[in-house]
Amino acid sequence: MLSCLSLVINNMPPKKRPIAVPSNGGVAKRKRTTATASGATKSAASTKSKKSTSAVSTSISKNNPLYDEFISLLSKPQYKGRGIANSSLKSHFDTRYAQLVPIINELTRASRLTMSKGTSLTNPDETEVYFSLLTAEEATKLQGLDAQSKMVYQVIETSGNKGIWTVDIRVQTNIQQTALTKIFKQLETRRLIKPIKAVTAKTKKLYMLYDLTPAKEITGGPWYSDFEFDHEFIAELRNFILMCIKRMNGGYGVGNGVTLKQIVNKMIQANVSRVQLSLEEVQQLLQTLALDYLVEQRGVTENGEALFVAAKPITTCDFGWWDVLSPDFHFRAMRFEDDVCLSAHEPHHHS
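Residues numbered from 1 in each chain as written. Predicted model: local features only at pLDDT ≥ 70, side-chain atom pairs only at ≥ 80, totals over all residues. Heavy atoms only, no water.

Colleague: I'm lost on the packing of aromatic side chains in this one. Help?
Modeller: Taken as a whole, this structure holds two aromatic pairs when the rule is applied. For the ring pair F70 and F93, a centre distance of 6.3 Å and an interplane angle of 40° mean the geometry is tilted. Of this pair, F70 sits in helix 3 (residues 65–74) while F93 sits in helix 4 (residues 86–93), placing them 23 residues apart in sequence. Here F70 falls in the buried class, since its relative accessible area comes to 0%. Note on F93: relative accessible area 2%, which makes it buried. With a centroid separation of 4.3 Å and 20° between ring planes, the pair formed by F184 and Y207 is classed as stacked. Of this pair, F184 sits in helix 9 (residues 177–189) while Y207 is found in strand 6 (residues 201–209), placing the two residues 23 residues apart along the sequence. (Phe/Tyr/Trp six-rings, centres within 6.5 Å; stacked < 30°, edge-to-face > 60°. Helix = DSSP H or I, 4+ residues; strand = E, 2+ residues; numbered from the N terminus. Buried < 20%, exposed > 50% of the residue type's maximum accessible area, 1.4 Å probe, protein only.)

Colleague: Any chance you could explain the layout of surface pockets here in plain terms?
Modeller: Empty space among the atoms can be located by rolling a probe the size of a water molecule over them. Counted as a void, the second largest pocket has a volume near 150 Å³. Top contributing element to the lining of the second largest pocket by residue count: helix 12 (residues 260–270), with three residues. Looking at side-chain class alone, the lining of the second largest pocket contains seven nonpolar, three polar and no charged residues. (1 Å grid on protein atoms, 1.4 Å probe; cavity = no way out; pocket = protein on both sides within 12 Å on 5 of 7 lines; lining within 4 Å. Points joined across faces, edges and corners; volume = space filled by probe spheres on them. Nonpolar A, V, L, I, M, F, W, Y, C, P; charged D, E, K, R; others polar.)

Colleague: Explain the sheet that holds strand 3 (residues 127–133) here, please?
Modeller: Where strands meet in a sheet, backbone hydrogen bonds hold them as pairs that are either parallel or antiparallel. Strand order across the open sheet formed by three strands is 1-3-2, with antiparallel pairing between neighbours. Each of the sheet's edge strands pairs with one partner strand only, and the pair in question is strand 1 (84–85) and strand 2 (113–119). The pairing of strand 2 with strand 3 spans seven bridges and is antiparallel. Counted as the bridge partner of T119 is T127 from strand 3. (Pairing = 2+ DSSP bridges.)

Colleague: Explanation requested: helix 13 (residues 279–291) in the structure shown.
Modeller: Since one α-helical turn is 3.6 residues long, residues separated by three or four positions face the same way. Helix length check: helix 13, at 13 residues, gives a terminal C-alpha distance of 18 Å against a target of 18 Å (1.5 Å per residue), a fit within 8%. Turning to helix 13, its buried residues are E281, V282, L285, L286 and L289. Take helix 13 and look down its axis: the buried residues cluster within an arc of 150°, on one side only. Among the exposed residues of helix 13, those oriented more than 90 degrees off its buried face are E280 and L291. One or two positions beyond helix 13, positive phi appears at Y293, with a value near 60°. (Expected span 1.5 Å × (residues − 1). Arc of directions from axis to C-beta.)

Colleague: How should I be thinking about the pattern of salt bridges in this particular structure?
Modeller: As enumerated under the stated definition, the model contains four salt bridges in all. Between E281 and K216 there is a salt bridge whose closest N-O contact spans 2.7 Å. Taken together, the positions of E281 in helix 13 and K216 in helix 10 (residues 216–219) put the pair 65 residues apart, joining distant regions of the chain. (Salt bridge = Lys/Arg side-chain N within 4 Å of Asp/Glu carboxyl O.)

Colleague: Explanation requested: the sheet that holds strand 5 (residues 193–198) in the structure shown.
Modeller: With antiparallel pairing, three strands are arranged side by side in an open sheet as 4-6-5. In this open sheet, the two edge strands, each paired with only one partner strand, are strand 4 (164–165) and strand 5. Looking at chain direction, strand 4 and strand 6 are connected through two bridges and run antiparallel. Bridge assignment links I164 to a residue of strand 6, and that residue is Y207.

Colleague: Which parts of the structure should I look at to understand the nonpolar core?
Modeller: Buried together is how nonpolar side chains tend to be arranged in soluble globular proteins. One finds I241, I245, I263, M267, V282 and L286 to be the most contacted residues of the largest nonpolar core, which totals 22 residues. Elements supplying a minimum of two residues to this core: helix 11 (231–249), helix 12, helix 13 and strand 10 (306–310). Of the residues forming this core, the biggest block, eight residues, is contributed by helix 11. Apart from residues lying up to four places away in sequence, I263 is in contact with I241, I245, V258, V282 and L286. Formed by 19 residues, the second largest nonpolar core is a distinct cluster that contains L142, L145, M151 and L180. (Core = buried A, V, L, I, M, F, W, Y, C linked by side-chain atoms within 4.5 Å. Contact = heavy atoms within 4.5 Å.)

Colleague: Would you explain helix 5 (residues 101–109) in this entry?
Modeller: Of the positions making up helix 5, those classed as buried are V101, I103, I104, N105, E106 and L107. Remark: S111 follows helix 5 within two positions and exhibits a positive phi of approximately 60°.

Coordinates in, geometry out; function isn't part of it.
If you want it as structure tokens, here you go:
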């Protein structure tokens, strides 16, 4: 490949000059003035070479439409992480592909470009080179890392706050597990990534960027503690909400009702939760109370907010289970503890 070939040529060590040996077999002596002049000449040549390289590097990226097009292409979301295949570059740039060599070399020297091997897009049985672009900030973070480590970092970065399984990283990067384990350790030591566990699969390990907070789908949100469903914490919150609704309405089944926001404000004032709960999370608790027939909705406010009251306790009637076996059970009148009476003609069922 052109870029790889150019990199190899540029990085080849210079050939050593043969040491001249005098014909008399003695040791050749160099004058100090000559050595100084020679060193000055080499230093001047080195400085000139560096300035020349810097000038070429600047000229490549400055006011170069091909450079801008290359950066724009690799910055697309679909090429974030694994990168773009060499075959795709050839197809996109066509006859201009050979002109990418100095651009690729410049970006590689600046740690802005990484190269890795992956499955070919045209032939699954073959491998080809993939190019991946790093931002200036990423290049600073990953300075000193090899191409494989940078690629692993980028793959983990694309997973966001949901993380990515180690198996998926190995598949996407095509790196052997032994080498991958060393890369993980290196990135963890530099605090670039961190391992996390999900409540849905405690034995599997995920990785995500060090500075990110895991998503609720991974940690389970406030309802989980150390990857275990916290029944006691939820029961305490439910009891507080039920007590709050009952007191604010003046009893069971009475009052105008309270809104979700009023309940949340009471919970904040009482400091009953060890973590700050959102409106959606408090609403989830309300829904569980409604499903247990402990809370019911009673109308809405002018702004369309639901009003909740504490539901009346379920009452029992004054007959035993053996009465249900009687053939005329459906034709009897039933009286409940709160003096509510169902006459014989009213439909009533038993379970």
